[in-house]
Amino acid sequence: MKDRGGVVCAAGLPLRLFNFFIMTIKEKQDELISEFEFLEDWLDKYQQIIDKGMSGAGIDPKFKTDENLIEGCQSKVWVTAEYKDGKVYYQGESNTDIAGGIVVMLVDVLSGQTPDDILNSELYFIDKIGLKEHLSPTRSNGMLAMVKQMRLYAMAFKQMNQ
């Protein structure tokens, strides 16, 4: 079966999207790193991050509440999670371009994984694409707060299902 975007799996999702949900955290990070490898200038990398944010699914408006705001972010960043069939699925969005791209990358890398995989993962893509060294201290703190909240969701789901 095909659609305008190419091959479609039996579930009706574009094969690229379907494969993305069955990829490991390491495989997702490696794919993300490869998207940034050919970009040498940091202005181009920032644009790639912004584009990621614009292409993300965002968050259901009903979850844009104070309860889902990430503390420690200068921007408004909302993250929520759902536990289904043993895996965690995140939604995230921001009101700013760079933070929006960062949250989309984190959602993409961690969604569809087990709580244990999330808790045991090393998010090396942050260093490999140069985010850590090129973000301002406030953005870097915000990114760390996003990761912390996503891990807290995974920890809560793990404890609820033991």
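Structural data are supplied above this passage.
**Q** Tell me about the overall build of the chain, residues and numbers included.
**A** Secondary structure summary: the chain contains 8 helices and 4 strands in total. Counting from the amino terminus, helix and strand elements in the chain follow one another as β-β-α-α-α-β-β-α-α-α-α-α. Sorting the 162 residues of the chain into buried and exposed places 42% on the buried side. Taking the intrachain contacts of the chain between residues at least 6 apart in sequence as the baseline, contacts between residues at least 24 apart amount to 61%. Counting every atom, the chain has about 9500 Å² of accessible surface; 51% of that belongs to carbon and sulfur.

**Q** Describe the environment of Ile59, and please don't skip the residues or the numbers.
**A** If you trace the backbone, Ile59 turns up in the loop between helix 3 (42-55) and strand 3 (77-84). For Ile59, a relative accessible area of 7% gives the class buried. It is 9.1 Å that separates the C-alpha atoms of Ile59 and Ser94, two residues lying 35 residues apart in sequence. If near-sequence neighbours (up to four positions away) are discounted, Ile59 is found in contact with Lys64, Trp78, Val79, Thr80, Gln91, Gly92 and Glu93.

**Q** I'd love a proper account of unusual backbone geometry, names of residues and values included.
**A** One non-glycine residue, Asp85, adopts positive backbone phi at about 55°. Checked against the element boundaries, Asp85 lands in the loop between strand 3 and strand 4 (87-94).

**Q** Pulling in residues and values, what's your account of the pairing of strand 4?
**A** Of the two faces of strand 4, only one is covered, namely that formed by Val88, Tyr90, Gly92 and Ser94; the face formed by Lys87, Tyr89, Gln91 and Glu93 stays uncovered. Direction of pairing for strand 3 relative to strand 4: antiparallel, over a ladder of 8 bridges. Note that in strand 4 the partner of Val79 across the bridge is Gly92.

**Q** How would you sum up the side chain of Gln48? Please name residues and give values.
**A** Along the chain, the position of Gln48 falls in helix 3. Those residues within four positions of Gln48 in sequence are excluded, and the remaining contacts are Glu35, Phe36 and Leu39.

**Q** So what about the packing of aromatic side chains? Which residues, and what values?
**A** Scanning the model with the defined rule gives 4 aromatic pairs in all. Arranged with centres 5.3 Å apart and planes meeting at 20°, the rings of Tyr83 and Phe157 form a pair that is stacked. Here Phe157 lies in helix 8 (residues 137-160) and Tyr83 lies in strand 3, a separation of 74 residues in the sequence. Taken together, the aromatic side chains of Tyr83, Tyr90, Tyr153 and Phe157 make up a single cluster linked through ring pairs. Note that Lys64 overlies the ring of Trp78, its terminal NZ or CZ placed 5.1 Å from the centroid.

**Q** Describe the pattern of salt bridges, naming the residues involved and giving the relevant values.
**A** Opposite charge on two side chains allows them to pair when their charged atoms are near. By the definition in use, this model includes 4 salt bridges. The shortest N-O distance in the salt bridge between Glu93 and Lys64 comes to 2.7 Å. Pair noted here: Glu93 is in strand 4 and Lys64 is in the loop between helix 3 and strand 3, with a separation of 29 residues, a long-range link.

How each quantity is defined
Residues numbered from 1 in each chain as written. Predicted model: local features only at pLDDT ≥ 70, side-chain atom pairs only at ≥ 80, totals over all residues. Heavy atoms only, no water. Helix = DSSP H or I, 4+ residues; strand = E, 2+ residues; numbered from the N terminus. Buried < 20%, exposed > 50% of the residue type's maximum accessible area, 1.4 Å probe, protein only. Contact = heavy atoms within 4.5 Å. Areas by Shrake-Rupley, 256 points an atom, 1.4 Å probe, with all protein chains shown as cover. Pairing = 2+ DSSP bridges. Phe/Tyr/Trp six-rings, centres within 6.5 Å; stacked < 30°, edge-to-face > 60°. Lys NZ or Arg CZ within 6 Å of the ring centre and 35° of its normal. Salt bridge = Lys/Arg side-chain N within 4 Å of Asp/Glu carboxyl O.

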